[in-house]
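Here is what each chain is made of, one letter per residue.
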Amino acid sequence: MVCLRIQSLSTTTISLCHHAPVSSALNFLIPRLQDLHDHRSVSSAHSRILRYGKSSDTIIGNHLLNAYIRCHQTEDAEKLFDEMQNSWNVVTWTSLMVCFVDAGREGRCLSLFARMRSDVIFLPNSFSLSTVINACALLADEATGRGIHGLVEILGFRLDVVVSTSLIHLYAKLNRVEDAGLVFDEMTVRNVVTWGSIISAYTQNGKANLALHLFGEFLRLKSSHPNHFMFSSAVNASASLGRLGIGKCLHATVIRHGHDGNDVIAGAIVDMYGKCGCIEQSTYVFQRIARPSVIPYTSMIVSAAKYGQAQFAVRIFNEMIVNGVKPNEVTFLGVLHACSHAGLVDKGLQYLRTMENDHGVSPCSKHYICAIDMLGRAGRLEEAYNLSKDFHAADNDALLLWTTLFSNSRMHGRLDLATEARSNIMKLSIRNPNDVAGAYVILSNAYATAGNCDGAMGIRHEMRRRRVRKDPGCSWVEIKNAAYVFYPGNLSPAGERETEVLELMKWVGSKMRDMGYESGGLSGLSNFVDEEETREMMIGMHSERIALAFGLVLAPNKGVIIRVMKNLRICLDCHEAFKLISVILDRTFVVRDLNRFHHFSHGICTCRDYW
DNA sequence: CTAGGGTTAG
């Protein structure tokens, strides 16, 4: 590497500028610099520039700097940057900031920006601002990010589309989706990237409904066509809502716009069909991806797992290994879930034990908890407890671990182990007041099903005292491209069809009783949320049942598969009821709960009652 | 000469 001596060269360069042959050689060199993509040719261009004595020229130096950055030569870039001290401008600084972000050293990007503000007092331009905002987003550094936002306002860059779009992205990554929305609302000029950013911001922060609403608004503007980024986010939104109608419509639009060859979109569509309960469609799209990356493979494995198709999941996993695609930690969670849902306990344990040596993915607490749940549900509780000693679970993970062990011990009548787990949960919930809602609900359910009303009331009182809130249980059903959300014991979303729905429920209820079904006889309280809700649940008004009944009223045609989505797990009682209803009415329906799919037909469910 | 969106789990 040639060493630069800028100071000694700078006085002689002026005379060289008027030297015709040298000048034309440089005119030839500058556009070339932009095309250089390998280290060797950049170095040789660098030495030629030195020979011409042009190294103190800011623009040429910046070209050279960016040529090094393009080749990921961070060290050379840093060295050149230092040597350019006398010819720095804001572009030089911004270029090195970008270099650090590309190299995954976002912290150094931030310190460089701070130095630029304090040492050399260059005013940042829109490029420096969007770069540093991007660094904050990657680091999820809220304090610095908000400071930069202030600077954007002070320096008058609020109207810059790229800067404001970066801010939307920043707030999305900070899970401050309201702030992202505020930035979006205040923008006067928006482009496709802006719309794509706000749509993914809402999708990634649990506001998929809003995301889809904005996608529709963008389409109505007809200012430009949605691109593959937007489609990926929109498909993702329909997936998380389980809105098959919208998802299908998006799939068709993706094909019409010629984006079906994009692997990221295809991966999102595989996931969407999987989450909407259409494993066949999911497989169809997956098999048409030429060279699937780890993400579509993982989506396919997870879809199969949720559908209880463990053999299929394992086949896809083997296929991906044969094709040289490296699985990641999510892939293994999918494989373990597949084994767990199908009761393939030993196969699952084998994956847990070999994943590190054979595939270089070390198991984390999520994998252990999944395996422990697998053992526990199969009744192998001693092994489950032993496995729990093999890793160190902290905070939230520890709570999840003991909650899993508690419900499994209780399910298999092991009160001794349940008591131990329970006391651990109580200890942990005192130390970690956040995220204890799930544990409280499980404890309360345990008391309620055991008929211990005082115990259940005590837990509920404790929840109120500590202001622990739990998302209300609800179910929704999509009929003719409209979604209807139902809460327990409330038929009003059915509107004018309310009476018909109630009549159907009563009629089906009497038929079920003729077949020997007793409402609440199994576990009518398992989805307990609050007192009011519990009362309604006791008379068999779980939200999934209302949603199903409403779906049956609105879509009486036997060929229509009713798809019910639920934000909690389906309870045993409803599971039994749905099997009977599929016989009584000779219908097929699919329930997506928190964990997996249940496909009811002819009195049986695809989960074979093991979930 | 320098800048901004997307997909898998929980």
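Residues numbered from 1 in each chain as written. Chains lettered and ligands numbered in written order. Predicted model: local features only at pLDDT ≥ 70, side-chain atom pairs only at ≥ 80, totals over all residues. Heavy atoms only, no water.

The next point concerns the side chain of Thr92. For Thr92, the location among the structural elements is in helix H6 (residues 90–102). A relative accessible area of 0% means that Thr92 is categorised as buried. A polar side-chain atom of Thr92 sits 2.9 Å from a polar atom in the side chain of Asn89. (Helix = DSSP H or I, 4+ residues; strand = E, 2+ residues; numbered from the N terminus. Buried < 20%, exposed > 50% of the residue type's maximum accessible area, 1.4 Å probe, protein only. Polar contact = N/O pair within 3.5 Å; in protein donor to acceptor, adjacent residues only side chain to side chain.)

Glancing now at the protein's contact with DNA strand B. By nearness alone, 47 residues border DNA strand B, and Asn62, Phe127, Asn236, Asn262 and His337 come closest of all. Contacts to DNA strand B include Thr165, whose side-chain N or O atom sits 2.9 Å from a base nitrogen. One nitrogen or oxygen atom from the side chain of Lys275 is found 3.4 Å from a phosphate oxygen belonging to DNA strand B. Looking at the surface near DNA strand B, the element that brings in the most residues is helix H12 (residues 192–204), giving seven residues. For the surface near DNA strand B, the per-class residue count stands at 12 nonpolar, 31 polar and four charged. (Near = heavy atom within 4 Å. Nonpolar A, V, L, I, M, F, W, Y, C, P; charged D, E, K, R; others polar.)

An ideal rise of 1.5 Å per residue puts 18 Å on 13 residues; helix H18 (residues 294–306) measures up with 18 Å between its terminal C-alpha atoms. Burial analysis of H18 places 10 of its 13 residues in the buried class, which makes it a mostly covered element. Among all positions of H18, only Val294, Pro296, Tyr297, Thr298, Ser299, Met300, Ile301, Ser303, Ala304 and Ala305 are buried. Close packing links the buried residues of H18 with helix H16 (263–275), helix H17 (279–287), helix H19 (310–322) and helix H20 (329–342). Gly308 sits one or two positions beyond H18 and adopts a positive phi of about 75 degrees. (Expected span 1.5 Å × (residues − 1). Contact = heavy atoms within 4.5 Å.)

Time to look at empty space enclosed by the protein. As enumerated under the stated definition, the model contains three cavities of 30 Å³ or more in all. Lining the largest cavity, in full, are His149, Val152, Glu153, Arg158, Ser164, Leu167, Val183, Glu186 and Met187. At the level of elements, helix H9 (142–155), helix H10 (161–173) and helix H11 (177–186) are the ones that each hand at least two residues to the lining of the largest cavity. In terms of residues, the lining of the largest cavity owes the most to one element, H9, which gives three residues. Considered class by class, the residues forming the lining of the largest cavity number four nonpolar, two polar and three charged. (1 Å grid on protein atoms, 1.4 Å probe; cavity = no way out; pocket = protein on both sides within 12 Å on 5 of 7 lines; lining within 4 Å. Points joined across faces, edges and corners; volume = space filled by probe spheres on them.)

Note on placement: Pro488 falls in the loop between strand E2 (482–486) and helix H28 (498–514). Pro488 gets classed as buried once you look at its relative accessible area, which sits at 12%. For Pro488 and Ser543, which are 55 residues apart along the polypeptide, the C-alpha to C-alpha distance reads 4.3 Å.

Another aspect to go through is the confidence of the model for chain A. Regions with low pLDDT should not have their predicted coordinates read in detail. Residues of chain A with pLDDT of at least 70 account for 85%, and the chain-wide mean is 86. Low confidence marks residues 521–539, where pLDDT is under 50. Its contacts with residues over four positions away, or in another chain, come to 47 contacts. (pLDDT = per-residue confidence, 0-100.)

Turning next to the packing of H18 against H19. As a packed pair, H18 and H19 sit with axes 8 Å apart at the nearest point and diverge in direction by 165 degrees. Relative to H19, H18 is oriented roughly antiparallel. Helix-helix and strand crossings are classified by hand; for H18 and H19 the assignment is left-handed. Residues Val294, Tyr297, Met300, Ile301 and Ala304 of H18 pack against Phe312, Ala313, Ile316, Phe317, Glu319 and Met320 of H19. A class-by-class count of the residues in the contact of H18 with H19 yields 10 nonpolar, no polar and one charged. (Axes fitted to C-alpha atoms, helices over the stretch in contact; angles between N-to-C directions. Parallel < 35°, antiparallel > 145°, perpendicular 65-115°, else oblique. Left-handed = near helix turned anticlockwise from the far one by under 90°.)

Right, let's talk about the UniProt feature "repeat: PPR" (unreviewed entry) in chain A for a bit. As annotated in UniProt, the feature "repeat: PPR" (unreviewed entry) corresponds to residues 57–87, 191–226 and 293–327 in the numbering used here. Secondary structure content for residues 57–87 is 74% helix and 0% strand, and the end C-alpha separation is 7 Å. This span, residues 191–226, is 75% helix and 0% strand, and a straight line between its end C-alpha atoms measures 10 Å. (UniProt positions renumbered as here; feature names shortened; annotations may be inferred.)

Now for the pattern of salt bridges. Evaluation of the coordinates by the stated rule reveals 21 salt bridges. A salt bridge links Glu142 to Arg146, with the nearest nitrogen and oxygen atoms 2.9 Å apart. Separated by four residues within a single helix, Glu142 and Arg146 lie in helix H9, roughly one turn from each other. Where Glu142 meets Arg176, a salt bridge forms, and the shortest distance between an N and an O atom there is 3.0 Å. Placement of Glu142 in helix H9 and of Arg176 in the loop between H10 and H11 is noted, with a sequence separation of 34 residues between them. Note on Glu142: relative accessible area 22%, which makes it partly exposed. Among the charged side chains, a network of salt bridges with common partners joins Glu142, Arg146, Arg176 and Asp179. (Salt bridge = Lys/Arg side-chain N within 4 Å of Asp/Glu carboxyl O.)

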